[in-house]
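One letter stands for each residue in the lines below.
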Amino acid sequence: AADTNKARLNEQSMGIRLPADYHAFGTIYGTGQVLTHLNDEDFYSWLIASPGSACYPKFVSEFCWRMSEEQKAYDTGGLSLGVFPDPGGLLPFCLHEELYFTWKTNGNPEDWTVVVIWAYDEGGYVKTDLVFLEFLVQFLTGRFVIEGCEPWDSERISFEPEELY
């Protein structure tokens, strides 16, 4: 319950309501690394931030700052993505190195679709028509593939709780 209360406080402080399936994930697992194993030694780690983490607002703020800087650097005025807190802007929930999993925050949070972004520039992102849990399942089972990522053994996925900072 403490994680749920903190999630609500984080939402209030950020002026937003997050998807229910994301809340449920955060309540069950908290913040941590999803490890997708390529073999016995190599793996990818995907940091999923819980909305109930004390550091969640900082995670969002750092993403927004980075994307704003890239908007300026790439002169991407015509790109229609936006960045939170702009209406419909991108809001992150997961990070792997320079790759973010975000939502396009249009309309009802239960309908927000995932955008995978690595650069705020044309060709630096992929829009999906999947909501949080649909995306997570398709991604982890290899039905949604990110170019440049080696395939992993979908039977060897683990989760390790970890705080953001």
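What you see is a predicted model, and the numbers here were worked out from it, not measured in a lab. (Residues numbered from 1 in each chain as written. Predicted model: local features only at pLDDT ≥ 70, side-chain atom pairs only at ≥ 80, totals over all residues. Heavy atoms only, no water.)

> Is there a simple way to think about the overall build of the protein chain in this case?
Across its full length, the protein chain carries four helices and seven strands. Taken from N to C terminus, the helices and strands of the protein chain fall in the order α-α-β-β-α-β-β-β-β-α-β. Over its C-alpha atoms the protein chain spans a radius of gyration of 15 Å, differing by no more than 12% from the 15 Å that the globule rule assigns to 165 residues. Dimensions of the protein chain along its principal axes, counting C-alpha atoms only, are 45 × 40 × 30 Å. Out of the 165 residues in the protein chain, the part that is buried amounts to 50%. (Helix = DSSP H or I, 4+ residues; strand = E, 2+ residues; numbered from the N terminus. Rg over C-alpha atoms; globule rule 2.2 N^0.38 Å. Buried < 20%, exposed > 50% of the residue type's maximum accessible area, 1.4 Å probe, protein only.)

> What is the right way to look at helix α4 (residues 132-140) in this model?
Working note: α-helix, 3.6 residues per turn, so residues spaced by three or four point in the same direction. When α4 is considered as a whole, its buried residues turn out to be Phe132, Phe135, Leu136, Phe139 and Leu140. When α4 is viewed along its axis, its buried side chains cluster within an angular range of 115 degrees and face the same direction. Two residues or fewer after α4 comes Gly142, characterised by a positive phi angle close to 80 degrees. (Arc of directions from axis to C-beta.)

> I would appreciate a short explanation of the environment of Gln71 in the present structure.
Relative to the helices and strands, Gln71 resides in helix α3 (residues 56-74). The exposure class of Gln71 is partly exposed, given its relative accessible area of 24%. The sequence separation of Gln71 and Tyr44 amounts to 27 residues, and the corresponding C-alpha distance is 28 Å.

> Explain the packing of helix α2 (residues 20-29) against α4 here, please?
The geometry of a pair of packed helices is captured by two quantities: the angle between their axes and the separation between those axes. Close contact between α2 and α4 brings their axes to 8 Å; oriented N to C, the two are set at 60 degrees. Relative to α4, the element α2 is oriented oblique. Residues Asp21, Tyr22 and Phe25 of α2 form the contact with α4, whose participating residues are Phe132, Leu133 and Leu136. Counted by class, the contact of α2 with α4 contains five nonpolar, no polar and one charged residues. (Axes fitted to C-alpha atoms, helices over the stretch in contact; angles between N-to-C directions. Parallel < 35°, antiparallel > 145°, perpendicular 65-115°, else oblique. Contact = heavy atoms within 4.5 Å. Nonpolar A, V, L, I, M, F, W, Y, C, P; charged D, E, K, R; others polar.)

> Even after reading the chapter, I still don't get unusual backbone geometry, so can you show me in this structure?
Across residues other than glycine, the phi torsion is negative in most instances, and most of the peptide bonds are trans. In the segment running from Phe84 into Pro85, the intervening peptide bond is cis, with an omega of 15 degrees. In this structure, Pro85 sits in the loop between α3 and β3 (90-96).

> Whenever I open this one, the state of the cysteines confuses me. Can you help?
A disulfide bridge is the covalent bond that connects two cysteines by way of their sulfur atoms. A full pass over the atoms with the stated rule returns zero disulfides. The structure places no disulfide on Cys64, whose sulfur is separated from the nearest cysteine sulfur, that of Cys94, by 16 Å. According to the relative accessible area criterion, Cys64 is buried, its value standing at 11%. Exposure remark for Cys94: the relative accessible area of 1% places this residue in the buried category. (Disulfide = S-S within 2.5 Å.)

> So what exactly am I meant to see when it comes to the packing of aromatic side chains here?
Aromatic ring pairs are described here by two measures, namely the spacing of the ring centres and the angle between the planes. Within this structure, the stated rule accounts for 26 aromatic pairs. Look at Phe135 and Phe139: their rings are 5.7 Å apart centre to centre, the planes differ by 5 degrees, and that puts the pair in the stacked class. Here Phe135 pairs with Phe139, and both are found in helix α4, just four residues apart, close to one helical turn. Here Phe135 matches Phe139 in class, with each residue buried. (Phe/Tyr/Trp six-rings, centres within 6.5 Å; stacked < 30°, edge-to-face > 60°.)

> Explanation requested: the pairing of strand β1 (residues 32-37) in the structure shown.
A regular strand places its side chains so that they alternate between the two faces of the sheet. Burial analysis of β1 places six of its six residues in the buried class, the great majority of the element. Strand direction decides the pairing type here: β1 and strand β2 (residues 43-48), joined by six bridges, are antiparallel. Across the sheet, His37 pairs through a bridge with Phe43, a residue of β2. Connecting β1 to the antiparallel partner β2 that follows it, the hairpin turn spans five residues. Where β1 meets strand β7 (residues 157-161), five bridges bridge the pair, whose relative direction is antiparallel. Bridge assignment links Leu35 to a residue of β7, and that residue is Ser158. (Pairing = 2+ DSSP bridges.)

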